[in-house]
Amino acid sequence: MSFVLPEGLAPEVYPLAWLVGRWHGQGVVGYPGVEETGFTQDVVFDHDGGPYLSYTSTIRLVVAPDDAAALAGDAPEAAEAEGPVWSTESGYWRVPPERPADLADDQFPLEVLLSDPSGHVALYIGAIGNGRVELVSDLIARTATSADISAAKRLYGLVNGELMWAHDLAAFGQPMQSYASARLARVEE
């Protein structure tokens, strides 16, 4: 199956073109103080013709059928109820015009700006190439009431047509370690 560039995509973000679309799948979250739990995730990478992609993500915890029934008030369809939202985030991904001298020829620089309603704004820098994205936090700003996150890393990869990702955190005085990961399939529209 050949890949077709999305219509109207700005040439500046051609290296990101494979991300454009809707993705859905499952993953797991766990960290010291956070019990390991399964989740479902919906991600959308979109564009409006500008030199960036917009990004949104919603993660919902997986709810056991008995818990789903309680959440839905014992309705017959309760076993199919979605779990509570664990996190949402939105932001922008862009390929900056300046190319670092130490970047491999088959990679492009990448800047990602993300925000979430729990009180964080994060700027990630990294590289994209060959179906792989590597990002490290350059800045994490937070409100006085948000979680104490001091650094983060993210890795994304296109593996057999699926979007796989891993997110590591240094938070609450803990060293950098695994926080969440997932496997997402493209949703055909």
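The chain goes by Ferric nitrobindin-like protein in an unreviewed UniProt entry, where it is assigned to Cellulomonas gilvus. Checking UniProt for the chain, the heading Sequence similarities (unreviewed entry) contains the comment "Belongs to the nitrobindin family."

Draft legend 1. Focus on the pattern of salt bridges. A full pass over the atoms with the stated rule returns 5 salt bridges. In this structure, Arg 154 engages Glu 89 in a salt bridge whose closest nitrogen and oxygen atoms are separated by 2.8 Å. Of this pair, Arg 154 sits in strand β8 (residues 149–159) while Glu 89 sits in strand β4 (residues 85–94), placing them 65 residues apart in sequence. Taken as a pair, Arg 154 and Glu 89 share a single burial class, namely buried. Residue Glu 111 pairs with Arg 94 through a salt bridge whose shortest N-O separation is 2.7 Å. In this pair, Glu 111 sits in strand β5 (residues 108–116) while Arg 94 sits in strand β4, placing the two residues 17 residues apart along the sequence.

Draft legend 2. Structural context of the sheet that holds β5. Pairing within the closed barrel is antiparallel, and its 10 strands lie in the order β1-β2-β3-β4-β5-β6-β7-β8-β9-β10. Strand after strand, the sheet turns through a mean of 20° between neighbouring axes, direction not considered.

Draft legend 3. Region of the structure containing the pairing of strand β7 (residues 132–142). Pairing of strand β6 (residues 120–129) with β7, which is carried by 10 bridges, proceeds in the antiparallel orientation. Directly across from Ala 127, in β7, lies its bridge partner Glu 134. Of the pairings in the sheet, the one linking β7 to β8 comprises 5 bridges and is antiparallel in character. Looking at the pairing, Arg 132 lines up with Gly 157 of β8. Connecting β7 to the antiparallel partner β8 that follows it, the hairpin turn spans 6 residues.

About the criteria used
Residues numbered from 1 in each chain as written. Predicted model: local features only at pLDDT ≥ 70, side-chain atom pairs only at ≥ 80, totals over all residues. Heavy atoms only, no water. UniProt positions renumbered as here; feature names shortened; annotations may be inferred. Salt bridge = Lys/Arg side-chain N within 4 Å of Asp/Glu carboxyl O. Helix = DSSP H or I, 4+ residues; strand = E, 2+ residues; numbered from the N terminus. Buried < 20%, exposed > 50% of the residue type's maximum accessible area, 1.4 Å probe, protein only. Pairing = 2+ DSSP bridges. Axes fitted to C-alpha atoms, helices over the stretch in contact; angles between N-to-C directions.

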